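# Observations on chain architecture
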There are 2 protein chains.
Amino acid sequence: MIVFHKREGFMKKQPLGRHLLLELYACDRDRLDDLASLEAALKEAARRSGATIVETVFHRFTPHGVSGVVVVAESHLAIHTWPEYGYAAVDFFTCGADIDYWRARDFLKEALVAESCEVKELLRGGRRGADGRPGPAEND
Amino acid sequence: MIVFHKREGFMKKQPLGRHLLLELYACDRDRLDDLASLEAALKEAARRSGATIVETVFHRFTPHGVSGVVVVAESHLAIHTWPEYGYAAVDFFTCGADIDYWRARDFLKEALVAESCEVKELLRGGRRGADGRPGPAEND
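This write-up is about the structure you can find in this document. (Residues numbered from 1 in each chain as written. Chains lettered and ligands numbered in written order. Predicted model: local features only at pLDDT ≥ 70, side-chain atom pairs only at ≥ 80, totals over all residues. Heavy atoms only, no water.)

Below, the discussion takes up the pattern of salt bridges. Within this structure, the stated rule accounts for 16 salt bridges over all chains. Where D100 of chain A meets R103 of chain A, a salt bridge forms, and the shortest distance between an N and an O atom there is 3.4 Å. K120 of chain B is paired through a salt bridge with E118 of chain B; the nearest N and O atoms lie 3.6 Å apart. Across this residue pair, the class does not change: K120 of chain B and E118 of chain B are buried. Through salt bridges that share partners, E44, R47 and R48 of chain A make up one connected network. (Salt bridge = Lys/Arg side-chain N within 4 Å of Asp/Glu carboxyl O. Buried < 20%, exposed > 50% of the residue type's maximum accessible area, 1.4 Å probe, protein only.)

Set out below in structure tokens:
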């Protein structure tokens, strides 16, 4: 599903960022609870998309579940897992036209052995002011 | 704007996560480029929402712009700024019913002196399988 901003003329302008949200269901539950494996998968997904990794933070919760963020030069790639449900939420925020985040999607779906992957793509920072630059619209 | 999943019966079930996306326009440009101030603001926003901070990662880019993520026990709060446009993209992913992320929204809007704040709220992990647990729907 692609969620576009409804303001007229939005699509004529480039947004500042693109934000991909993935709902990964029926994944391999062991992988969703394995911090090292998830961190390696997210870093590989970032690399495949063409992003440059700046820093990573991963945390495993008790009794289960992992949260992880890969900060990239082009923004961030994050994952939150619920091994007990076989579910993972991923979001990949990018700026710059050179990032192909669909490659990250394909890789993560495979790495987590997800049976289903629901996608939302949002464009960020797309509103333009009267001067044509990012800003509140005239009627805000 | 609230983006609900379109599948029938979705709203009868609790989602696993809630994801708040903020578009902050016409902010104070100096604040958007000040890493220490942004980090303090995001941590305070997380605290006000009731979240428990686990770790933070902030990075300042050349020539301008900051990316920062506060990993919280309830998921993450992230910001990406474009000082040159006075724009900041914020996303706050939470799980658990105890987090009031509207408090974080109110605080950040004020802290960044944003003239306009556009909101999208998405429910994550809301799809249910035949057994009523999170999973791919029967017709996936």
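This paragraph deals with the relation of the copies chain B and chain A. Once turned by 180 degrees and shifted 0.0 Å along the axis, chain B lies on chain A with an RMSD of 0.0 Å. The superposition operator between the copies reduces to a two-fold rotation axis. Both copies share a contact surface, since 100% of the interface residues of chain B are interface residues in chain A too. (Least-squares fit on C-alpha atoms with pLDDT ≥ 70 in both. Contact = heavy atoms within 4.5 Å.)

Taken as a whole and assessed by the stated rule, the structure comprises zero disulfides over all chains. C117 of chain A provides the cysteine sulfur closest to C27 of chain A, a residue in no disulfide bond, and the two sulfurs are 8.6 Å apart. The closest cysteine sulfur to the non-disulfide-bonded C95 of chain B is located on C27 of chain A, 16 Å from its own sulfur. (Disulfide = S-S within 2.5 Å.)

Throughout the structure, instances matching the rule amount to 10 aromatic pairs over all chains. Where W82 of chain B meets Y87 of chain B, the ring centres are 5.5 Å apart and the plane angle is 50 degrees; that geometry is what we call tilted. No difference in accessibility class separates W82 of chain B from Y87 of chain B, as the two residues are buried. Taken together through their ring pairs, the aromatic side chains of Y25, W82 and Y87 of chain A together with F93 of chain B make up a single cluster. Looking at R18 of chain A, its charged tip hangs above the ring of Y101 of chain A, at a distance of 4.5 Å from the centre. (Phe/Tyr/Trp six-rings, centres within 6.5 Å; stacked < 30°, edge-to-face > 60°. Lys NZ or Arg CZ within 6 Å of the ring centre and 35° of its normal.)

Looking now at the interface of chain B and chain A. The partner chain A presents 49 residues to the 49 residues of chain B that form the contact. Across the chain B to chain A interface the summed buried area is about 3900 Å²; carbon plus sulfur atoms make up 67%. Interface area lost by chain B to chain A is led by Y25, Y85 and R124 of chain B, which between them contribute 15%. Between E23 of chain A and R124 of chain B there is a salt bridge, with the nearest N and O atoms lying 2.7 Å from each other. The interface formed by chain B and chain A contains 20 residue pairs in polar contact (both at pLDDT 80 or more). Listing elements by their share of the side of chain B that touches chain A, those giving two or more residues are β2 (17-25), β3 (53-60), β4 (66-72), β5 (75-82), β6 (87-94) and β7 (116-124) of chain B. Among the elements that line the side of chain B that touches chain A, the one with the most residues is β7 of chain B, at six residues. Here the residues of the side of chain B that touches chain A are counted per class, giving 26 nonpolar, 11 polar and 12 charged. (Buried area = accessible area lost by both parts, 1.4 Å probe. Polar contact = N/O pair within 3.5 Å; in protein donor to acceptor, adjacent residues only side chain to side chain. Helix = DSSP H or I, 4+ residues; strand = E, 2+ residues; numbered from the N terminus. Nonpolar A, V, L, I, M, F, W, Y, C, P; charged D, E, K, R; others polar.)

Purely spatial values, then, with no claim about function.
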